[in-house]
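The residues making up each chain are set out below.
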Amino acid sequence: MQIKLLRLLAFLIIIVPFAGCSASSEEKKSLTISAASSLTDVMKELIDTYESTHNVSIQLNFASSGKLARQIEQGAPVDLYLSANQKWMDQLEADKQIEAATRRNFTSNLLVIIGSKSNNELTSLQTLANLPPEAQIAVGEPESVPAGSYTKQALQKIHLWEVIEEQLVFASDVRQVLTYVASGNVSYGIVYRSDAKISDQVRVLTEIDPELHKPIVYPGAILSDSTHKQEATDFLNFLSMKEAKEIMKKHGFQS
């Protein structure tokens, strides 16, 4: 009996260190992603899907693309940046904040005008000119919010920006525009089609002709000082796969 006990103890002494090494090697890798606020809902589903089959824990940071870019410039610890336009990605690339070779477009979107459920007054972007002076229209701040920049381009293209500028209410991101309309604080708002799908308090009144503004594409890139570049690369590759494309399409994005 004593011999058997001694053999068992010897066996345990040998395997325990190896078991410890195995557990350590299975620790989850971490990944920090800064993503445009218009990606909030779709990213949550994408992350759930991805984490279920990958040994990685993903932290998300949402804000307007401009705000996120400024955070990165100020040294925010980010591995992967997903923008809602090319402008801010261009700026980070010029400053060598991203690995240019990793940059790629992974989805696209459309702009729409939204109103309350009972609202059916607008049939096109041009009909904003027919609104009474007291009607307010929420849009993203053009200097920092890509949706606001695209909106301004479209309104300037049809010579309507200066006509309705005093009726515009500027928001810090597209989700704030959605909130303004859903709460009834403003009569109308201009958001991405994907944003309009998440609220049952608003309805899409009309789509904005994409020919009136620059293409709405979402670029992603790995940060130059990322400490988890392989994990970031793997996730960026995932965004181009069929499974991810189907999720994005379900949320209103063009894949």
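Just above sits the structure.
For clarity, every value in this text was computed on a predicted model and none was experimentally measured.

## Observations concerning the overall build of the protein
Line of reasoning, step 1. Check the secondary structure of the protein and you find 10 helices and 10 strands.
Line of reasoning, step 2. For the protein, buried positions account for 45% of its 255 residues.
Line of reasoning, step 3. For the protein, the share of sequence-separated contacts (at least 6 apart) that also reach a separation of at least 24 residues comes to 77%.
Line of reasoning, step 4. Total accessible area on the protein stands at roughly 13000 Å², and carbon and sulfur atoms take up 52% of it.

## So, the packing of aromatic side chains
Line of reasoning, step 1. For the structure on display, the rule yields 7 aromatic pairs.
Line of reasoning, step 2. Centre to centre, the rings of Phe235 and Phe238 are 5.7 Å apart; their planes meet at 45 degrees, and the pair counts as tilted. Pair noted here: Phe235 and Phe238 are both in helix H9 (residues 229-238), with a separation of 3 residues, about one helical turn.
Line of reasoning, step 3. Grouping aromatic residues by their ring pairs yields a cluster made of Phe106, Tyr192, Tyr218 and Phe253.

## Side note on the pattern of salt bridges
Should the charged atoms of two oppositely charged side chains come close, the side chains can pair.
Line of reasoning, step 1. Taken as a whole and assessed by the stated rule, the structure comprises 7 salt bridges.
Line of reasoning, step 2. Linking Arg103 and Glu93 is a salt bridge whose minimum nitrogen-to-oxygen distance equals 2.7 Å. Here Arg103, found in the loop between helix H4 (86-94) and strand S4 (104-108), pairs with Glu93, found in helix H4; they are 10 residues apart in sequence, far enough to count as distant.
Line of reasoning, step 3. The partly exposed category is assigned to Arg103, whose relative accessible area is 21%.
Line of reasoning, step 4. According to the relative accessible area criterion, Glu93 is partly exposed, its value standing at 31%.

## Brief notes about the sheet that holds strand S2 (residues 56-63)
Line of reasoning, step 1. An order of S2-S1-S3-S10-S4 is seen for the 5 strands of this open sheet, with the pairing classed as mixed. Taken across any chain shown, the strands that pair with only one partner, and hence form the sheet edges, are S2 and S4. The sheet shows a mean angle of 20 degrees between the axes of neighbouring strands, direction not considered.
Line of reasoning, step 2. With respect to the sheet, H9 is in contact with strand S1 (29-36), S2, strand S3 (80-82), S4 and strand S10 (217-222), its orientation differing from that of S10 by roughly 155 degrees.

Definitions and limits used
- Residues numbered from 1 in each chain as written.
- Predicted model: local features only at pLDDT ≥ 70, side-chain atom pairs only at ≥ 80, totals over all residues.
- Heavy atoms only, no water.
- Helix = DSSP H or I, 4+ residues; strand = E, 2+ residues; numbered from the N terminus.
- Buried < 20%, exposed > 50% of the residue type's maximum accessible area, 1.4 Å probe, protein only.
- Contact = heavy atoms within 4.5 Å.
- Areas by Shrake-Rupley, 256 points an atom, 1.4 Å probe, with all protein chains shown as cover.
- Phe/Tyr/Trp six-rings, centres within 6.5 Å; stacked < 30°, edge-to-face > 60°.
- Salt bridge = Lys/Arg side-chain N within 4 Å of Asp/Glu carboxyl O.
- Pairing = 2+ DSSP bridges.
- Axes fitted to C-alpha atoms, helices over the stretch in contact; angles between N-to-C directions.

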